[in-house]
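Analysis of the macromolecular model
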Amino acid sequence: MGENLQEWTAGTVHVGGTGLTIIKGGTGRPLLVLHEELGYPGWLRWHSTLAQTRTLYIPIHPGFGQLPRVEWVSNVRDLACFYSRLLKDMVLSPIDVIGFSLGGWIAAEMAVNRADQFRRMVLVAPAGIRPATGEIMDMFVVTARAYLNASVHDPANTPEFATLYGGDATPEQFEAWEDARAEAARLAWQPYMHNPSLGPLLEGISGLPTLLVWGREDRIVPNSAGHIYNRSIVGSELATFDGCGHRPEIEKSREFISRVQSFLA
């Protein structure tokens, strides 16, 4: 993992009697970060840059790390309510939020439930919406490694991708990926990685500045889903990066950081 131990700490908080690991780093206005479906990838360049002016709170989704799953959380909307309880208990709302893929879907479900818990929302290639053209890639018919390789348009020219996933996976990393896939399947198998009610409910959101970020060559969640998100959330902005796959935060890191910083400011 691309982590600098001097920049963050890990701790455990309790939500409704359930333990939750939270990575925390930086200083300034709080920013909630919700990670993708293969787990928290590690402290990256964009984390370091935003942490210069923001305090990042990165919860590890229950069942995706060393702590067990929450049995009563049986779908993504339940998990969204779980995180809303976290914000309430920690007295963090209204807070800025940035969610990646599955994490973006969770943030969208949270906004549907209570948009006023967020100040600004950034969704990076979120799942949750069935694309108008193309399909969300099925992560269960390929290996975790193949899914990760498909998430970047040009792995050879994305140094941070090699830092994260270059070489052979360690047994611990392989086990973490499989644990994450098992929990993702439990939460989002039927229907696969989307919620038919999300689109119509997003149309009820008002007054929440929202930035959608997508790679034009995204093979995981086609950017046609981004246009549906953009139409559904009144006043939202859609930023599309050329020559970029599902992970603009590492493949177009400089442009991504600039765009997100400008929006959150």
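One can find the structure itself at the top, above this paragraph.
Overview of the structure. Residue positions within a chain follow its written sequence, with the count starting from 1. Per-residue local features of the predicted model are confined to residues with pLDDT of at least 70, and side-chain atom pairs are confined, for both listing and counting, to 80 or more; whole-chain, interface and lining totals are unaffected and use all residues. Side-chain descriptors were evaluated using all non-hydrogen atoms of the structure, hydrogens and water having been removed beforehand.

1. Description of unusual backbone geometry
- The peptide bond linking Ser93 to Pro94 adopts the cis configuration, its omega dihedral lying at 0°.
- The omega torsion of the bond from Gln190 to Pro191 falls at -5°, within 30 degrees of zero and hence cis.
- Checked against the element boundaries, Pro191 lands in the loop between α6 (171–188) and α7 (198–202).
- Positive phi, normally seen in glycine, also occurs at Val91, with a value near 55°.
- Positionally, Val91 belongs in the loop between α2 (76–89) and β5 (95–100). Numbering of helices and strands runs from the N terminus; a helix is a DSSP stretch of H or I covering at least four residues, while a strand is a stretch of E covering at least two.

2. Looking at the pattern of salt bridges
- Salt bridges are defined by distance alone: a side-chain nitrogen of Lys or Arg within 4 Å of a carboxyl oxygen of Asp or Glu. All chains considered together, the criterion is met by 12 salt bridges.
- Put simply, Asp89 and Arg85 hold a salt bridge, and the shortest N to O gap is 3.0 Å. One end of the pair, Asp89, and the other, Arg85, are both in helix α2, four residues apart, so they sit about a helical turn from each other.
- Burial status follows relative accessibility: with a 1.4 Å probe on protein chains alone, a residue under 20% of its type maximum counts as buried, one over 50% as exposed, and anything between as partly exposed. Exposure remark for Arg85: the relative accessible area of 41% places this residue in the partly exposed category.
- Measuring nitrogen to oxygen at the nearest pair gives 2.7 Å for the salt bridge that ties Asp116 to Arg114.
- Three or more residues are tied together by salt bridges with common partners; here these are Glu36, Arg247 and Glu249.

3. Points about the environment of Leu87
- Note on placement: Leu87 falls in helix α2.
- Along the chain, Leu87 and Leu148 lie 61 residues apart, while their C-alpha atoms are 30 Å from each other.
- Between two residues, a contact is recorded if the distance between any of their heavy atoms is within 4.5 Å. Setting aside residues up to four positions removed in sequence, Leu87 forms contacts with Leu32, Leu92, Ser93, Ile95, Met110, Gln117 and Phe118.

4. A word on the nonpolar core
- Only buried Ala, Val, Leu, Ile, Met, Phe, Trp, Tyr and Cys residues count toward a nonpolar core, and they belong to the same one when joined by side-chain atoms within 4.5 Å. Formed by 91 residues in total, the largest nonpolar core has its most connected members in Ile98, Phe118, Tyr229 and Phe256.
- If sequence neighbours within four positions are ignored, Ile98 has contacts with Leu31, Leu32, Val33, Leu34, Trp46, Val122, Val124, Phe256 and Val260.

5. A word on the packing of aromatic side chains
- Each aromatic pair joins two rings of Phe, Tyr and Trp (for Trp, the six-membered one) with centres within 6.5 Å, and gets the label stacked for planes under 30 degrees apart, edge-to-face for over 60, and tilted for any other angle. In the structure shown here, the tally under the stated rule is 10 aromatic pairs.
- An angle of 45° between the planes, with centres 5.3 Å apart, marks the rings of Trp46 and Phe100 as tilted. On the criterion of sequence distance, the pair formed by Trp46 in helix α1 (residues 45–50) and Phe100 in strand β5 is long-range, its members being 54 residues apart.
- Residue class for Trp46 comes out buried when judged on its relative accessible area of 2%.
- Taking relative accessible area as the criterion, Phe100 reaches 5% and is therefore assigned buried.
- Aromatic ring contacts, followed pair by pair, group Trp46, Phe100 and Phe256 into a single cluster.
- We call a charge positioned over a ring when the NZ of a Lys or the CZ of an Arg lies within 6 Å of the ring centre and within 35 degrees of the ring normal. Above the plane of the ring of Phe263 lies Arg120, whose end atom (NZ or CZ) is 4.9 Å from the centre.

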